[in-house]
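Each chain is listed here by its residues.
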Amino acid sequence: HQDVLAAAAELFYVDDDGTAAAVERARELLTGQSAADLREAALGAAWMLATTLRSIEANSPGLGREMLHALGLTLAKVEDSP
């Protein structure tokens, strides 16, 4: 699980100019993880995202829902791309 935390930190501290490189470094950190570990990491990430969006929604009604909707649209575009 330390690799997952390292990947999250890599993405958290990246500046806008280095996003692609940070994503690649984060991806490399996760290479070799078992499928079970990756499922647990995905569940943890989903929980953290939901918690963050709930907090945003509580402070700015409508914004958390809007962000969740935008994420869904983005993921749909990724799935449709070749």
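Computed from a predicted structure; not experimentally measured.

Asks: What exactly am I supposed to notice about the packing of aromatic side chains here?
Replies: Here the structure, examined in full by the defined rule, presents one aromatic pair. Ring geometry for Phe 12 against Tyr 13: centres 4.8 Å apart, planes inclined by 90 degrees, an arrangement best described as edge-to-face. For the residue pair Phe 12 and Tyr 13, the accessibility class agrees, reading exposed in each case.

Asks: What is the right way to read the confidence of the model for the protein from this model?
Replies: Should pLDDT be low for a region, the predicted coordinates there are not to be read in detail. On average, residues of the protein carry a pLDDT of 89, and 99% of them reach 70 or more. Within the protein, the lowest mean pLDDT, 87, falls on helix α1 (residues 2-12), and the highest, 92, falls on helix α3 (residues 35-59).

Asks: What is the right way to look at the packing of α1 against helix α2 (residues 19-30) in this model?
Replies: Each pair of packed helices can be summarised by the angle the axes make with each other and by the distance between the axes. Where α1 contacts α2, the axes come no closer than 9 Å and their chain directions differ by 180 degrees. Put simply, α1 runs roughly antiparallel to α2. Between α1 and α2, the residues in contact are Asp 3, Val 4, Ala 6, Ala 7, Glu 10 and Leu 11 and Ala 22, Val 23, Arg 25, Ala 26, Leu 29 and Leu 30, respectively.

Definitions and cut-offs
Residues numbered from 1 in each chain as written. Predicted model: local features only at pLDDT ≥ 70, side-chain atom pairs only at ≥ 80, totals over all residues. Heavy atoms only, no water. Phe/Tyr/Trp six-rings, centres within 6.5 Å; stacked < 30°, edge-to-face > 60°. Buried < 20%, exposed > 50% of the residue type's maximum accessible area, 1.4 Å probe, protein only. pLDDT = per-residue confidence, 0-100. Helix = DSSP H or I, 4+ residues; strand = E, 2+ residues; numbered from the N terminus. Axes fitted to C-alpha atoms, helices over the stretch in contact; angles between N-to-C directions. Parallel < 35°, antiparallel > 145°, perpendicular 65-115°, else oblique. Contact = heavy atoms within 4.5 Å.

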